[in-house]
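Observations on the model geometry
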Amino acid sequence: MRLLIKIIYVFILSFLMIESFAQQAVLKGRVYDALSNKGLPFVNVVVSGSTLGTVTNEDGNFQLSGLNPGFIRIEASFIGYKKKISPEIELSNSKSAFIEIELEKTNQQIDEIKVRASLFRKTEESPLSLKNIGISEIENSPGANRDISKVIQSFPGVQSTPSFRNDIIIRGGGPSESRFFLDGIEVPNINHFATQGASGGPVGIINADLLREVNYYSGAFPANRGNALSGVLEFFQVDGNNEKLRFQTSVGASEVTGTLDGPLGEKTTFIFSARRSYLQFLFDLFELPFLPTFNDFQFKVRTRLDSKNELTFVGLGAIDDFALNLNIENPDDQQKSILASIPKNEQWTYTVGAVYKHFRENSFQTFVLSRNHLNNSAIKYLDNDDSSEANKTLDYVSEEIESRLRFENTTRLSDFKLNFGANLDFAKYKNSTEQRRFYEQEIIDLDFDTELDVLKWGVFGHVSHNFLEDRLSLSFGLRMDANNYSSSMQDMFEQISPRLSASYLLTDKWSLNFNTGRYYQMPTYTALGFKKNDVLVNKSNNLKYIQSDHLIGGIEYRPKNNVVLSLEGFLKEYSNYPFSVEDSISLANLGADFGVVGNEEVVSISEGRAYGLEFQTRISSANKFNFNLSYTLVRSEFEDKNGNMTASSWDSKHLLVLTTTKKLKRDWRLGARWRFVGGLPYTPYDLNRSSIIEAWNFNNGPYLDNKRLNTERFDAFHQLDLRVDKTYYLNKITAKFYIDIQNFYNFENQEQDIIVREEDGNGNFLTTANGTQYVLKQVENTSGNILPTIGIILEF
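Residues numbered from 1 in each chain as written. Predicted model: local features only at pLDDT ≥ 70, side-chain atom pairs only at ≥ 80, totals over all residues. Heavy atoms only, no water.

**A short note on the overall build of the chain**
Operational definition: Secondary structure is summarised from DSSP: a helix means a run of H or I of at least four residues, a strand means a run of E of at least two, and numbering begins at the N terminus for each. To get the radius of gyration, use the C-alpha atoms; to get the globule rule, take the number of residues to the power 0.38 and multiply by 2.2 Å. Type-normalised accessible area, obtained with a 1.4 Å probe on protein chains alone, sets the label of each residue: buried when under 20%, exposed when over 50%, and partly exposed for intermediate values. Working rule for contacts: check all heavy atoms of both residues, and any pair within 4.5 Å makes them a contact. The charge count treats Lys and Arg as positive and Asp and Glu as negative. His and the chain ends do not count. In plain terms, the charge of a residue is placed at NZ if it is Lys, CZ if Arg, CG if Asp and CD if Glu.
Scanning the chain from N- to C-terminus turns up nine helices and 49 strands. Relative to the globule expectation of 28 Å for 796 residues, the C-alpha radius of gyration of the chain, 27 Å, shows essentially globular dimensions. With the principal axes as the frame, the chain shows a C-alpha extent of 90 × 70 × 45 Å. When each of the 796 residues of the chain is scored for burial, the buried share is 56%. Considering only contacts in the chain between residues 6 or more positions apart, those separated by 24 or more positions represent 67%. Both charge centroids of the chain, one from 83 positive and one from 99 negative side chains, sit 8 Å from each other.

What follows is the structure, encoded as structure tokens:
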């Protein structure tokens, strides 16, 4: 072991003494028509922010040599087409890079006001509430450790939490309200150890090595993106190297990664990555009460069959194991609380799919076929004593299997841009639950097996057109969805989802933007498949689609192509949200903890609202300086059991994040992120109910007093994260090293107190009330430590 450490130490020092080579990077690319896929000849191609450039040949191909390594963007301009600034791409001396740039036709005349090309793209369908995230922001974001679920927490409307979880909470909506797409294929969850029925988990599945850029929508969703209420994230992956085989390896904050890419013949490229965590060793070393292990894989294979047809295969999967560390000697109160409450959990998931595109003269058709599968199991014994089945308090096994087919046609008819299509999904849900639950009025014994088939279908369309010499852009979309689960959800005309967007160009720098729409989301499979007395009780309760009506308006100022300032106001009104019959709370308040959301009786009666303002200043110069300042004023409220509006679990009021990175000489880069999150509401414990021995034993811990739902509020949370990167662009290898320090000034965050059972000197639990109640102890609970991590990335 010592010899290995010495070898690594010498290896790192050898790189520290080598200077980077410069101006040896090569970029190859292709510029083509967005609809027909035809290569465009004689297009002007320039490195953004410089005078280095060339023109494309008759096939639309180009090559730039002698470039400085690092992150760059390309500007492409051609008569009759909108000027375009490409996504970021990283150049290195060790391999040539390749980029494809699509251009859209325009009818804009020479004497008209020109829409200037910008790094921060927007579309006719989504002129606001859409953010593009480049690869340099993902790679170098302080405090994120290249995890996209943490990177987006720097953007307006996204709430971060002081815990280590990656819950996607957008504009006051719950963590179950977002949808994710990987190269156009829907991926149900993007986090390891995911909360079934929500979106969160502690670590992201998606490997940043494969990402090209990300589109983050907090509203104004396109009609082809359904089943979302608060957010849509589109992840776009790089293609494999088309010249020769390449390998990359990295050691990050929690995992070891290997990535391989290269050609598979003249027309096909591939890229594949696999990761393995080592968190279980670190957690055991520091005597943490749980031992997580995760593995994941990700791949993309793209084949250009000919100039009119291409086929892409995509895959993403994870295998997770969450064990308890029962070997801790003399655990403290916090360790005891965690060990007593958390079950042993095993989970695996995958998504595989194919995207086929056929191009015509003024249109292209897209066929998407995919399958995803989640297997989630949890088992818990009272005080972790598995010597007797009588001690078992939870035995849960569940599967969600979906097969999806989607067709889209994108075309341009005269001056109209049109997208329409349909989707057909078949889902199979299985649930085997054994559990005893203690409610105020009764004890419920759950012992059921569900095998449920659900057929879902939808149609959608979106049409866009520019008016007033391209000053005014209008876009109208319509979507309808239905499924065969219940009579209330079978008629798609009951789920008509219209949306309207408008953008008016005041000058070439100022614009006014607007969107309104109605969106629907199907309740979770956990709710659909819940049984009581061997009956699908939520089907009998006539469960409905959740509805959310959005109204968004904003103003935007773009003084330069790499600078944007925006101000947006938003209002979201919810109806038909599932409401827990036994706990008397809206499920909108749940999802930011481990476990399962929705595996209970619910009714579609809850209403709520979220509203606020967002401000953002963003400056992006990929190879020099990035600056992102965002502030969100947000209120989030849902009805309690008496029908009164009360603060939801996501009512943070204030979100302020400042993120910046600066490139220095010799490829050093410094970064910092400071975030402030207003104190979140929380529900106090019901100590009387919790002390009842039978109640505690069923729940493996205390109960919340939902009569006082979210009546208390934590103190505000703030944290400073710092990061230092150093890159060596050598002839045969690119070597990257980084140090990331989270919570630099060691802020201690207030959390809900820990409740444990008092013990006597022999370790026996103290009781009272003639042996029917435990004696409980309330322990102050804070979190927050300086967390330094070191990362190494080697590209061969």
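**Focus: the pattern of salt bridges**
Spelled out, the test is: Salt bridge, as used here, is a side-chain nitrogen of Lys or Arg placed within 4 Å of a carboxyl oxygen of Asp or Glu.
One pass over the full model with this rule turns up 60 salt bridges. Among the ionic pairs, Arg275 bridges to Asp296, the shortest N-O distance being 2.9 Å. Of this pair, Arg275 sits in strand E21 (residues 268–277) while Asp296 sits in strand E22 (residues 290–306), and the two are 21 residues apart along the sequence. Residue Asp296 is classed as buried on the basis of its relative accessible area of 5%. Note that Lys531 is salt-bridged to Asp534, the shortest N-O span being 3.8 Å. Assessed through its relative accessible area of 16%, Lys531 is described here as buried. Accessibility expressed as a relative area gives 59% for Asp534, which makes it exposed.

**Concerning the sheet that holds strand E1 (residues 25–33)**
Note the threshold: Whether two strands pair depends on DSSP finding at least two bridges between them. Structural elements are reduced to axes, namely lines fitted to C-alpha atoms, with helices fitted over the stretch in contact, and the angle between N-to-C directions of any two is expressed from 0 to 180 degrees.
The strand order across the open sheet built from three strands is E4-E1-E9, with neighbouring strands paired in mixed fashion. Of all strands in the sheet, those bounded by a partner on one side alone are strand E4 (61–67) and strand E9 (97–103). For this sheet, the mean angle separating the axes of adjacent strands, direction not counted, is 25°. As paired elements, E1 and E4 share five bridges and run antiparallel to each other. When the bridges of E4 are listed, Arg30 appears paired with Asn61.

**Topic: the side chain of Ser486**
Rules: Polar contacts, as used here, are pairs of N or O atoms within 3.5 Å; protein pairs need one atom able to donate a hydrogen and one able to accept it. Residues neighboring in sequence count only if both atoms are side-chain atoms.
On the secondary structure map, Ser486 appears in the loop between strand E29 (472–483) and strand E30 (496–505). In terms of polar contacts, Ser486 uses its side chain to reach the backbone carbonyl oxygen of Leu543, at 3.3 Å. The residues touching Ser486, leaving out its near neighbours within four places in the chain, are Lys539, Asn542 and Leu543.

**Observations regarding empty space enclosed by the protein**
To keep it simple, the criterion reads: A 1.4 Å probe that fits but cannot get out identifies a cavity on a 1 Å grid over protein atoms alone, an open set with protein on both sides within 12 Å along at least five of seven lines counts as a pocket, and a residue lines either if it has an atom within 4 Å of a point. Grid points are joined across faces, edges and corners, and a volume is the space filled by probe spheres set on the points.
Scanning the model with the defined rule gives twelve cavities of 30 Å³ or more in all. As a volume, the largest cavity reaches approximately 750 Å³. As for the largest cavity, its lining consists of 45 residues, and the residues nearest its centre are Arg179, Glu186, Asn227, Glu402 and Arg404. The set of elements that each furnish at least two residues to the lining of the largest cavity consists of strand E13 (178–182), strand E14 (185–187), strand E25 (363–381), strand E26 (392–413), strand E27 (416–438), strand E28 (443–467), E29 and strand E31 (510–521).

**Brief notes about the packing of aromatic side chains**
The cut-off we apply is this: Each Phe, Tyr or Trp ring (for Trp, its six-membered ring) is paired with any other whose centre lies within 6.5 Å, and the angle between the two planes then decides the class: stacked below 30 degrees, edge-to-face above 60, tilted in between.
Taken as a whole and judged by the stated rule, the model has 26 aromatic pairs. Their ring planes at 80° and their centres at 5.4 Å tell us that Tyr577 and Phe638 sit as a pair that is edge-to-face. One end of the pair, Tyr577, is in strand E35 (residues 563–580); the other, Phe638, is in strand E37 (residues 625–639), and 61 residues separate them in sequence. With relative accessibility at 3%, the residue Tyr577 sits in the buried group. The exposure class assigned to Phe638 is buried, which follows from its relative accessible area of 1%.

**Digging into the environment of Leu722**
If you trace the backbone, Leu722 turns up in strand E43 (residues 717–729). Among the residues examined, Leu722 registers a relative accessible area of 26% and is labelled partly exposed. Between the alpha carbons of Leu722 and Gly671 there is a distance of 5.8 Å; along the sequence they are 51 residues apart. If near-sequence neighbours (up to four positions away) are discounted, Leu722 is found in contact with Pro142, Gly671, Ala672, Ile739, Asp740, Ile741 and Phe744.

**Description of the sheet that holds strand E17 (residues 211–217)**
If you walk across this open sheet you meet the five strands as E10-E17-E18-E13-E14, and the pairing is mixed. In this open sheet, the two strands that pair with only one neighbour each are strand E10 (130–134) and E14. Strand-to-strand twist in this sheet, taken as the mean axis angle between neighbours without regard to direction, amounts to 25°. In this structure, E13 lies alongside strand E18 (residues 231–237), joined through five bridges in parallel fashion. Bridge pairing links Phe181 to Glu234 in E18.

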